[in-house]
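Architecture and fold: a report
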Amino acid sequence: MVFASLFGERLRAFVRDPRFGAVLDVAGPGYRIGERERDGLVINHYRHEEGSTYQRLGWHTDSLRDLFYLEKPRRYLNVGFYLDDSPLSKGGVRLIPSSHRQGLFEMMTRKAYFLDHRPDPDEYALEAAAGDLTIHDGRIWHRVAQATATGDASQRRVMYLPLMSGPLKEKHEGSPTPLYFRLKRLAGY
Ligand SMILES: O=C(O)CCC(=O)C(=O)O
Ligand SMILES: [Fe+2]
């Protein structure tokens, strides 16, 4: 669910909470909350059970979208809010440490975007508890592994909010669907 904070008061108030000032300080000077940039506040909801269409997410970098906008990937950070506990039995985020420092070529070719779900020997498994906040660089390679648990025990809900700096390019009601969503659809999401 993208741009979630634009659809209701509670999430709108959440992203405007002054306490985000501390998170922006961590990001560095000049960062802002991208409520209308990239995909805004995104809510991901995974369940591992018959009929669920969202059980895992293949290898990707979030900065791929910059290339679709014909922009050179610039540093942007994604803040994650865990709404559920995320132990290993729920699958969860796997990332390749330091891969955000790679060059553009590696960012485009290291893995087959969204299609490749295979574990990587260098991957790190991120475990989290409900209420935890994570921050990752948009250029890092990551995936979401499928849960081994099923049904309610596999439910994993996480919200992501982009922290942006540099030129402001806001989306509006008439903005076209970005191509990378079509790529994701082609990959089966
Ligand atoms: O579900 C997660 O924790 C990560 C999702 C993700 O990487 C994405 O939506 O780009
Ligand atoms: Fe991602």
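Attention here is on the structure that accompanies the text. Just so we're clear, the structure is a prediction, and the values are computed from it rather than from any experiment.

A word on the coordination of the iron ion (ligand 2)
- Protein coordination at the iron ion (ligand 2): the donors are H60 (NE2), D62 (OD) and H142 (NE2), at 2.1 Å from the metal.
- Positions of the donor residues of the iron ion (ligand 2) along the chain correspond to the pattern H-x1-D-x79-H. Residue H60 shares its accessibility class with D62, and that shared class is buried.

A short note on the sheet that holds strand β6 (residues 124-125)
- Judged by pairing direction, the sheet is antiparallel, and its four strands sit side by side in the order β3-β8-β5-β6 without closing on themselves. Of all strands in the sheet, those bounded by a partner on one side alone are β3 (57-60) and β6.
- As defined by bridge partners, strand β5 (residues 92-95) adjoins β6 across two bridges and the pair is classed as antiparallel. Residue L95 lies in a different strand from β6, and its bridge partner there is Y124.

Section: the nonpolar core
- In terms of nonpolar packing, the biggest core is built from 20 residues, with L57, Y82, V93, Y113, F114 and L126 touching the most fellow members.
- Secondary structure elements with two or more residues in this core: β3, β5 and β9 (156-164).
- Among all residues touching F114, those that are not within four sequence positions of it are L57, G58, W59, H60, L64, L183, K184, A187 and Y189.
- Within the second largest apolar cluster, 15 residues are counted, among which are A4, V15, A27 and Y31.

A short note on the site of ligand 1
- In the vicinity of ligand 1, the contacting residues are N44, Y46, L57, H60, D62, V93, H142, V144, R156, V158 and Y160.
- The contact in question runs from an oxygen atom of ligand 1 to an N or O atom on the side chain of H60, over 3.1 Å.
- Contact distances for ligand 1 include 3.1 Å between an oxygen atom and a side-chain N or O atom of D62.
- When ligand 1 sits alone it has 290 Å² of accessible area, and the protein chains cover 93% of it.
- Elements supplying a minimum of two residues to the shell around ligand 1: β2 (42-46), β3, β8 (142-145) and β9.

Cut-offs used in this document
- Residues numbered from 1 in each chain as written.
- Chains lettered and ligands numbered in written order.
- Predicted model: local features only at pLDDT ≥ 70, side-chain atom pairs only at ≥ 80, totals over all residues.
- Heavy atoms only, no water.
- Donors = N, O, S within 2.8 Å, 3.2 Å for Na, K, Ca; no water.
- Buried < 20%, exposed > 50% of the residue type's maximum accessible area, 1.4 Å probe, protein only.
- Pairing = 2+ DSSP bridges.
- Helix = DSSP H or I, 4+ residues; strand = E, 2+ residues; numbered from the N terminus.
- Core = buried A, V, L, I, M, F, W, Y, C linked by side-chain atoms within 4.5 Å.
- Contact = heavy atoms within 4.5 Å.
- Near = heavy atom within 4 Å.
- Polar contact = N/O pair within 3.5 Å; in protein donor to acceptor, adjacent residues only side chain to side chain.
- Areas by Shrake-Rupley, 256 points an atom, 1.4 Å probe, with all protein chains shown as cover.

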